[in-house]
Amino acid sequence: MQLTGAQALIKSLEMEQVEVIFGLPGGAILPVYDPLLDSTIRHILVRHEQGAGHAAEGYAHVTGRPGVAMVTSGPAATNIVTALADAYMDSIPLVVITGQVGTSLIGTDAFQEADTTGITMSVTKHNWLITDASQIPTVVREAFHVATTGRPGPVLIDLPKDVSNQTMEWYWPESVDLPGYKPTLKGHPKMIQEAAKLISKALRPVLYVGGGVLRAGATKELLALAEHCRIPVVTTLMARGAFPDENPLCLGMPGMHGNYTAVTSMQKSDLLITLGARFDDRVTGNVAGFAPYAKVIHVDIDPAELGKIRNPDVPIVGDLKLVIPELTREIKKLKVDIKTQLEPWIAELNTWREKYPLSYNQDPGGRPLKPQYVIERLRQMAPPDTIVVSGVGQHQMWASQFWKFNHPNTWVNSGGLGTMGFAVPAALGAKVGRPDKVVWAIDGDGCFQMTAQELVTATAERIPIKVAILNNAYLGMVRQWQEMFYDQRYSEVYLSPDLPDYVKWAEAMGCVGIRVDSADEVEVAIEKANSINDRPVVIDFRTDTWEKVFPMVPAGKTNDEIVIGPQEMEKK
Amino acid sequence: MTFSSSVVPMGGNRANLEAKHHVLSVLVENKSGVLARIAQLFSRRGYNIYSLSVAPTEDERFSRVTIVVDVESAPLEQITKQLHKLINVLKISEINAAQAVEYELLMGSISTSSETRSELIELVRIFDGKIVDVGFDKLTVMLAGTPKMLDDFEALLGAYPIVEIQRTGRVALQKLDRSAPTRARSKSGKAS
Ligand SMILES: Cc1ncc(C[n+]2csc(CCOP(=O)(O)OP(=O)(O)O)c2C)c(N)n1
Ligand SMILES: [Mg+2]
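Residues numbered from 1 in each chain as written. Chains lettered and ligands numbered in written order. Predicted model: local features only at pLDDT ≥ 70, side-chain atom pairs only at ≥ 80, totals over all residues. Heavy atoms only, no water.

With that settled, consider the interface of chain A and chain B. Taken together, the contacts link 17 residues of chain A with 18 residues of chain B. For the pairing of chain A and chain B, the buried interface totals around 1,400 Å² over both sides, and the portion due to carbon and sulfur atoms is 55%. If you sort the residues of chain A by the area they bury against chain B, Met121, His126 and Gly180 of chain A come out on top, with a joint share of 34%. The interface formed by chain A and chain B includes one salt bridge. The shortest N-O distance in the salt bridge between Lys85 of chain B and Asp302 of chain A comes to 2.5 Å. (Contact = heavy atoms within 4.5 Å. Buried area = accessible area lost by both parts, 1.4 Å probe. Salt bridge = Lys/Arg side-chain N within 4 Å of Asp/Glu carboxyl O.)

Below you can see the structure in the form of structure tokens.
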């Protein structure tokens, strides 16, 4: 069967069972948009290519399947670089297809030419420039394989226009042949035994759980391990939901804005059982003073993570889905009563939990409206498996702190890159992936202004997401740092509460817009939002400008220097 | 070889340099862009390349990249692990200078006068080098040797007006096993 390169690409995507592409056409990718008309694949026309990338990420986050985006050459390719970098940092499987100028024009500074493979080399797991239509099925097959196996990540296929127009004899490769790519899946048995021994002897162990557990789909395995040994668990920003918050063993989020108990448990720990986490500086604080008494077991599918920041006593390369059950089996073999052994440790943790809970003070008069109160009310009024997507800033930290995540893949955020503007498009993608679930974007006013136009996409495509803007009239997180570390010298952080008018803006984009100024309006507004299912809803919550995120480990300090919030200080 | 250890190496710090340097022999797929990926990885992760050479292997599907890295810039283990993550990288062997045969090529064009010409030719002869081009008042000389030999040679050339000197960066192979095979066949006999 003879196909054009463009037809071969679409057919290859169908072979990979792609159900949706987020994209926006243009000159160099035009040939591919034609056979797309005849395909079963749904295309969602975004309003900016960055949005296509983040939407594909949101989709991948909640489905565990690769997100696919397709854009044209030059400016469109550069527009999607942020999303690639974001996905690379958070190990999100993406396949991005970019158009490229014709092969004879490459290198001539042709119209809308950019060196896309060069530009994206450091933010993709791998990329391909196709030079002949016959390569298309092989490259697509390889691309999906690389994106989804081992440590997942984004890949990019650059497709010159003339290659799309060439004809080729259709085939579908039986298998992938990448001699230099063979991820290690099975953990080394000796190392797993070593790990089990350390665990059986530890008196203050902590399961330090990162996003890798979600990527590996190993949440059940984690639960079994933790419950068997009764070892407490901290879930990093990327791992919220990997272990249920409602489980008494869950200590919540560690790190710069982690809660006191989670942070301190690691500082006092004698054994960190690190599963798919990477000792990010936002978790460790000053790394020299991080978890000073702890031995480290580090399990990761990416060998380069082992020893990158902290030298592990027991390094294990492998897929958590396989390694965790092996580890549990080895521990059981040792027949040590770990539970009893850990009782004093759990008791100590519980006293901290009681003494230093997360807290805030909502004035009963209703004003100023506290952002944490909004998040708690949203949560109480939402189904338990609601998907929460956030932007980057104070609102992100509060969302992570005050939501209760009891289901995997219900928390979608930009952890590694910290990309403002992530929330709206990612929420859109998440809703496309899980139309059965309620999707709330908890966004900042600053973030919202970066990518809000994707609500036009959401309305046009009937993707009824809900957006809660925690509108504190500021680039709040930056304002907080200026307040605390720059003598309250506020430099370029004020945004205004009512410019733009978020309600009118929402309405202009075909959404329902609601404004909330006081705590006693919160419930009615959320009720109304929850009742709407045929279009997106935006609630403009006018929240307290001066609220700060606590606890906080100031940048460069060790985690022992954690600063707790004013409410906890009062109780002390 | 006739040259003696009394020859002063350039700057006298080769030993220091060697301690910081490590040789990685990297087998890669012979595809366009592979060198860019390697170079890019080094710069992005803040590692230093001291020298680098690339050429196809006996099997045309693969190329061998010999990289001398400045290991003070990052732990070698982290560098090799990151390199391994490149999809086109098949195999990385770390070659310990003490257990390797290392060679490098130097070419230099030197201005000569009637007095210095024969002296220079003599120097090239002592080092077992070659005169590869002759001009009216210049000679182009060539020497293949260990990096240390090349340093010495280069230092001595410094006495003459140098027009241009180029070095290739080294290539290296693991030293061969010299022990006679014992009763059981040793596995070290296999190329690994
Ligand atoms: C694209 C991008 N630009 C700048 C920053 C730096 N930054 C981090 S948080 C923040 C403020 C975010 O403001 P807003 O969305 O209103 O959230 P808030 O902190 O007020 O909740 C800024 C500017 C960033 N993370 N991303
Ligand atoms: Mg704000």
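Attention now goes to the sheet that holds strand E18 (residues 466-471) of chain A. The strands that make up a sheet are held in pairs by hydrogen bonds between backbone atoms, and each pair lies either parallel or antiparallel. All names here are of chain A. Read across the sheet, six strands follow the order E16-E15-E17-E18-E20-E19 without closing on themselves; strand pairing throughout is parallel. Each of the sheet's edge strands pairs with one partner strand only, and the pair in question is strand E16 (411-412) and strand E19 (512-516). Note that strand E17 (residues 439-444) and E18 share five bridges and pair parallel. By the bridge assignment, Ile442 is partnered in E18 with Ala468. (Pairing = 2+ DSSP bridges. Helix = DSSP H or I, 4+ residues; strand = E, 2+ residues; numbered from the N terminus.)

With that settled, the discussion passes to the nonpolar core. Residue and element names in this part refer to chain A. Ranked by size, the top nonpolar core spans 50 residues in total, and within it Phe22, Val389, Phe448, Leu455 and Val467 carry the most contacts. At seven residues, helix H19 (residues 423-433) tops the list of elements feeding residues into this core. When residues of this core are assigned to domains, at least three map to each of domain 1 (2-169) and domain 3 (371-550). Leave out the neighbours within four places in its chain, and Val389 touches Val412, Phe422, Ala423, Ala426, Ala427, Val439, Trp440, Ala441 and Ile442. (Core = buried A, V, L, I, M, F, W, Y, C linked by side-chain atoms within 4.5 Å. Buried < 20%, exposed > 50% of the residue type's maximum accessible area, 1.4 Å probe, protein only. Domains from an automatic or database assignment.)

Residues and elements named next belong to chain A. Taken together, 16 residues form the shell around ligand 1, and within it Gln394, His395, Asp445, Cys447 and Gly476 come nearest. His395 is positioned such that a nitrogen or oxygen atom in its side chain is 2.8 Å from an oxygen atom of ligand 1. Residue Gly476 places a main-chain N or O atom 2.7 Å away from an oxygen atom belonging to ligand 1. Compared with its free state, where it exposes 580 Å², ligand 1 has 76% of that area covered by protein. (Near = heavy atom within 4 Å. Polar contact = N/O pair within 3.5 Å; in protein donor to acceptor, adjacent residues only side chain to side chain. Areas by Shrake-Rupley, 256 points an atom, 1.4 Å probe, with all protein chains shown as cover.)

Bringing the side chain of Asn413 of chain A into the picture now. Residues and elements named next belong to chain A. Mapped onto the elements of the fold, Asn413 is located in the loop between E16 and H19. By relative accessible area, Asn413 is classed as buried at 1%. A distance of 2.6 Å separates the side chain of Asn413 from the side chain of Gln396, its partner in a polar contact.

Let us now look at the domain arrangement of chain A. Residues and elements named next belong to chain A. As far as domains go, chain A holds domain 1 (2-169), domain 2 (189-355) and domain 3 (371-550). Once you take the C-alpha centre of each, domain 2 and domain 3 turn out to be 31 Å apart. Facing 15 residues of domain 2, the contacting portion of domain 3 comprises 19 residues. Contact with domain 3 buries surface across domain 2, with Leu237, Arg240 and His257 losing the most and accounting together for 44% of the total.

What follows is about the sheet that holds strand E1 (residues 21-29) of chain B. All names here are of chain B. Strand order in the open sheet formed by four strands is E2-E3-E1-E4, with antiparallel pairing between adjacent strands. Either end of the sheet is taken by a strand with one partner, and the two such strands are strand E2 (48-56) and strand E4 (89-95). Direction aside, the axes of adjacent strands within the sheet are offset by 20° on average. Relative to strand E3 (residues 62-70), E2 is paired through eight bridges, and the arrangement is antiparallel. If you follow Ile49 over to E3, its bridge partner there is Val69. (Axes fitted to C-alpha atoms, helices over the stretch in contact; angles between N-to-C directions.)

Our focus in this paragraph is the pairing of E18 of chain A. Residue and element names in this part refer to chain A. Among the six residues in E18, six count as buried, and that is most of the element. Side chains Lys466, Ala468 and Leu470 of E18 all project onto a buried face; the interleaved residues Val467, Ile469 and Asn471 project onto the opposite face, where all are buried too. With six bridges joining them, E18 and strand E20 (residues 537-542) adopt parallel strand pairing. Paired with Asn471 across the two strands is Arg542, which belongs to E20.

If you check which residues of helix H22 (residues 476-485) of chain A are buried, you get Gly476, Met477, Arg479, Gln480, Gln482 and Glu483 of chain A. Once H22 of chain A ends, the next one or two residues include Asp487 of chain A, with phi positive near 55°.

This part takes up the packing of helix H17 (residues 371-380) of chain A against helix H24 (residues 522-531) of chain A. Residue and element names in this part refer to chain A. Between H17 and H24, the shortest axis-to-axis distance is 10 Å and the interhelical angle comes to 45°. In terms of orientation, H17 and H24 fall into the oblique class. Between H17 and H24 lies a crossing whose hand is right-handed. Residues Tyr373, Arg377 and Leu378 of H17 form the contact with H24, whose participating residues are Val522, Glu523 and Ile526. Residue classes in the contact of H17 with H24 are distributed as four nonpolar, no polar and two charged. (Parallel < 35°, antiparallel > 145°, perpendicular 65-115°, else oblique. Left-handed = near helix turned anticlockwise from the far one by under 90°. Nonpolar A, V, L, I, M, F, W, Y, C, P; charged D, E, K, R; others polar.)

Residue and element names in this part refer to chain A. Their axes nearest at 9 Å, the elements helix H11 (residues 219-229) and helix H14 (residues 320-334) cross at an angle of 20°. In terms of their interaxial angle, H11 and H14 are classed as roughly parallel. Here H11 runs over H14; the crossing is left-handed. Facing Glu221, Leu222, Leu225, His228 and Cys229 of H11, the residues of H14 in contact are Lys321, Ile324, Pro325, Leu327, Thr328, Ile331 and Lys332.

Residue and element names in this part refer to chain B. Once the domains are mapped, chain B shows domain 1 (10-95) and domain 2 (101-172). The gap between the C-alpha centroids of domain 1 and domain 2 is 27 Å. Of the roughly 950 Å² buried where domain 1 meets domain 2, counting both sides, 51% is carbon and sulfur surface. In this assembly, domain 1 and domain 2 are joined by zero salt bridges. Our count for the contact surface shared by domain 1 and domain 2 stands at one residue pair in polar contact (both at pLDDT 80 or more). Among the secondary structure elements, those contributing two or more residues to the side of domain 1 that touches domain 2 are helix H1 (14-20), E1, E2 and E3. The greatest single-element share of the side of domain 1 that touches domain 2, amounting to four residues, is contributed by E2. Here the side of domain 1 that touches domain 2 is composed, by residue class, of six nonpolar, four polar and two charged.

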